[in-house]
Amino acid sequence: MDYAAFFEQAVSDLKAERRYRVFADLERIAGRFPHAIRHTAQGPQPIVVWCSNDYLGMGQHPAVIEALASTARRMGAGAGGTRNISGNHHPVVQLEAELADLHGKDAALAFTSGYVSNLTGIATIAKLIPDCLILSDALNHNSMIEGVRNAGREKAIFRHNDLEHLEELLRRAGRDRPKLIVFESIYSMDGDIAPIGRICDLAERHQAMTYIDEVHAVGLYGPRGAGVAERDGEMARIDVIEGTLAKAYGCLGGYIAGSAAMVDAVRSHAPGFIFTTTLPPAVAAAACESVRILKASGDERARHQRQAARTKEALAAAGLPVMPTSTHIVPLMVRNAELCKAASDRLLDTHGIYIQPINYPTVPRGEERLRITPTPFHDESLIQALADALVEVWDHLGVPRDAAAPLAVAAE
Ligand SMILES: *Cc1c(COP(=O)(O)O)cnc(C)c1O
């Protein structure tokens, strides 16, 4: 039996479809974000990162680093086991209290990542509700799709942000059947926002529970950085809020927040919580510090929005196909997998600008793009350098400039 052949075949299939991914070998420099070093066969190359989800640069905030380092010195590197075996460490208890307060909920539960919190959170919640029908937005993140799958419950997919379709499915299920609506606040590829209040209206009318992924919004929206639901005044109407500590908060980990009964039941039943080691105390302490900072200060959020708007203006003024968004995410449409990869390679090799290409299956075929994420640290001169470099790459490769409008045929 030639086992190696299976794996070689799996990779060559991807290469044939132009879906094989190569990751840059990068070294971030604390204090100089978004500047970084790229390690290449020819030696180190200084680059500027334009595709980080460390949206506010909190991963290099001096107080966050200090919380991490001092907690590690005091409590060591690892958590020492699962909470079922080793108990809670104090920083994770503090973190969960901070997160519950952030979202105005009774309780929160921390997981080792946002991915795990969705996967095991959705699956466990739906399994605990007899005959639960899960209504899931068509563009939900893979971690939510896997959570729905793992629940083993009947599911119904509603067209992306389509309230009429959602209502039709809710009505069809009937008022008496338990229902869980799972959706995101900000969809991170198109940078669009869910109609949270109107989804809550439907949920209330049809007696459904709501579960929202605010991964791309926590830290970034709302007066205390609790997300879009906070900004829109809808947070109290959402039953379960899920977030990450790894993007705007700059660390690692995920969580759900909600009622005491729900959190206690998930804590007691979720395999992805019970059977895996807790976040290290240092990471929990750093994330907690980051949450606290962004609760108290809106400056980072204001600068983030300003630089994102400036970036969109500069790219549009240069005649580049920016997809209009109402969020901090700046999708630059290419609509061709090979050109998208080639554009990304040339930006990096020739201009020292790092923007990972976004190809299928992250987005549908024909919707390939460069996903640009400005931060408060991308200043005017970096924005101008980005626009100039993109114009050179677009001209050099002959990338179309009229690709910003959505395709006529919606991808499913
Ligand atoms: C990144 C992401 C996650 C997973 O969060 P991690 O903390 O990175 O595991 C969940 N949902 C969405 C929408 C994401 O983009």
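The structure presented is a predicted model; accordingly, all values stated were derived computationally and were not measured. (Residues numbered from 1 in each chain as written. Predicted model: local features only at pLDDT ≥ 70, side-chain atom pairs only at ≥ 80, totals over all residues. Heavy atoms only, no water.)

Some remarks on the overall build of the protein chain
So, step 1. A tally of helices and strands in the protein chain yields 15 helices and 16 strands.
So, step 2. Scaling as 2.2 N^0.38, a compact globule of 412 residues should have a C-alpha radius of gyration of about 22 Å, and the protein chain matches this with 22 Å.
So, step 3. Its C-alpha atoms give the protein chain principal-axis dimensions of about 60 × 60 × 55 Å.
So, step 4. Residues counted as buried form 52% of the 412 residues belonging to the protein chain. (Helix = DSSP H or I, 4+ residues; strand = E, 2+ residues; numbered from the N terminus. Rg over C-alpha atoms; globule rule 2.2 N^0.38 Å. Buried < 20%, exposed > 50% of the residue type's maximum accessible area, 1.4 Å probe, protein only.)

Brief notes about the pairing of strand 10 (residues 209-213)
Successive residues of a regular strand alternate their side chains across the two faces of the sheet.
So, step 1. Burial within strand 10 is extensive, with 4 of its 5 residues counted as buried.
So, step 2. Note that strand 7 (residues 179-184) and strand 10 share 5 bridges and pair parallel. Directly across from Phe 183, in strand 10, lies its bridge partner Ile 212.
So, step 3. Where strand 10 lies against strand 11 (residues 240-244), 3 bridges are found, and the strand directions are parallel. Each bridged residue has a counterpart across the sheet, and for Tyr 211 the counterpart in strand 11 is Val 240. (Pairing = 2+ DSSP bridges.)

Overview of the site of the ligand
So, step 1. The immediate surroundings of the ligand are formed by 14 residues, with Tyr 115, Asp 213, His 216, Thr 244 and Lys 247 found nearest.
So, step 2. The backbone of Gly 114 places a nitrogen or oxygen atom 2.8 Å from an oxygen atom of the ligand.
So, step 3. Looking at which element gives the most residues to the shell around the ligand, the answer is helix 5 (residues 114-128), with 3 residues.
So, step 4. Per-class residue counts for the shell around the ligand are 3 nonpolar, 8 polar and 3 charged. (Near = heavy atom within 4 Å. Polar contact = N/O pair within 3.5 Å; in protein donor to acceptor, adjacent residues only side chain to side chain. Nonpolar A, V, L, I, M, F, W, Y, C, P; charged D, E, K, R; others polar.)

Quick word on the packing of helix 7 (residues 163-173) against helix 8 (residues 196-205)
So, step 1. Relative to each other, helix 7 and helix 8 sit at 15°, their axes nearing to 11 Å. As the angle between them shows, helix 7 and helix 8 are arranged roughly parallel. Read as a crossing pair, helix 7 and helix 8 show a hand that is right-handed. Seen from helix 7, the contacting residues are Leu 163, Leu 166, Glu 167 and Leu 170; seen from helix 8, they are Arg 198, Ile 199, Leu 202 and Arg 205.
So, step 2. When its residues are assigned to classes, the contact of helix 7 with helix 8 shows 5 nonpolar, no polar and 3 charged. (Axes fitted to C-alpha atoms, helices over the stretch in contact; angles between N-to-C directions. Parallel < 35°, antiparallel > 145°, perpendicular 65-115°, else oblique. Left-handed = near helix turned anticlockwise from the far one by under 90°. Contact = heavy atoms within 4.5 Å.)

So, the pairing of strand 16 (residues 369-372)
So, step 1. Burial along strand 16 is two-sided: the residues Arg 369 and Arg 371 and Leu 370 and Ile 372 are all buried.
So, step 2. Of the strand pairs in this sheet, strand 13 (residues 330-333) and strand 16 are connected by 4 bridges, and their pairing is antiparallel. Following the sheet pairing, Pro 331 is matched in strand 16 by Arg 371.
So, step 3. Of the pairings in the sheet, the one linking strand 15 (residues 357-358) to strand 16 comprises 2 bridges and is antiparallel in character. Considered in strand 16, the bridge of Ile 358 is made with Arg 369.

Some remarks on the sheet that holds strand 12 (residues 254-258)
So, step 1. Strand order in the open sheet formed by 7 strands is 4-12-11-10-7-5-6, and the pairing between neighbours is mixed. Single-partner strands in this sheet number two, and they are strand 4 (107-111) and strand 6 (155-158). Across the sheet, the mean angle from the axis of one strand to that of its neighbour is 20°, orientation sign disregarded.
So, step 2. The sheet contact formed by strand 11 and strand 12 spans 4 bridges and is antiparallel. The partner of Glu 242 across the bridge, within strand 12, is Ile 256.

Here's the deal with the UniProt feature "domain: Aminotransferase class I/classII large" (unreviewed entry) in the protein chain
So, step 1. The sites that carry the UniProt feature "domain: Aminotransferase class I/classII large" (unreviewed entry) are, in the present numbering, residues 47-390.
So, step 2. Strand forms 16% of residues 47-390 and helix 46%; the C-alpha atoms that close the span are 15 Å apart. (UniProt positions renumbered as here; feature names shortened; annotations may be inferred.)

What to know about the packing of aromatic side chains
So, step 1. Following the criterion strictly, the structure yields 3 aromatic pairs and no others.
So, step 2. Judged by centre distance (6.1 Å) and plane angle (75°), the ring pair of Phe 33 and Phe 377 falls under edge-to-face. Residue Phe 33 is located in the loop between strand 1 (26-28) and strand 2 (35-40), and its partner Phe 377 is located in the loop between strand 16 and helix 15 (380-397); the two are separated by 344 residues in the primary sequence.
So, step 3. Ring centres of Phe 111 and Phe 273 lie 6.0 Å apart, and the angle between their planes is 80°; this geometry places the pair in the edge-to-face category. Placement of the pair is Phe 111 in strand 4 and Phe 273 in helix 11 (residues 271-274), with a sequence separation of 162 residues. There is no split in this pair, since Phe 111 and Phe 273 are both buried. (Phe/Tyr/Trp six-rings, centres within 6.5 Å; stacked < 30°, edge-to-face > 60°.)

Comments concerning the sheet that holds strand 2
So, step 1. Taken in spatial order, the 4 strands of this open sheet run 1-2-3-14, and their pairing is mixed. Either end of the sheet is taken by a strand with one partner, and the two such strands are strand 1 and strand 14 (353-354).
So, step 2. Both strand 1 and strand 2 contribute to a ladder of 3 bridges, which runs antiparallel. Each residue of the ladder has a partner; that of Leu 26, found in strand 2, is Arg 38.

Overview of the environment of Gly 352
So, step 1. Here Gly 352 shows up in the loop between helix 14 (337-351) and strand 14.
So, step 2. Taking the C-alpha atoms as reference points, Gly 352 and Pro 331, 21 residues apart in sequence, are found 19 Å from one another.
So, step 3. The contacts of Gly 352, once residues within four sequence positions are left out, are Gln 45, Pro 46, Ile 47, Val 48 and Leu 347.

Regarding helix 4 (residues 90-103)
So, step 1. Between its terminal C-alpha atoms helix 4 stretches 20 Å, which fits the 20 Å expected from 14 residues at 1.5 Å a residue.
So, step 2. Those residues of helix 4 that sit buried are Pro 91, Val 92, Leu 95, Glu 96, Glu 98, Leu 99, Ala 100, Leu 102 and His 103.
So, step 3. Contacts from the buried residues of helix 4 go to helix 2 (62-75), helix 3 (83-86), strand 4, strand 11, strand 12 and helix 12 (281-296).
So, step 4. A positive backbone phi angle near 65° is found at Gly 104, which sits one or two residues after helix 4. (Expected span 1.5 Å × (residues − 1).)

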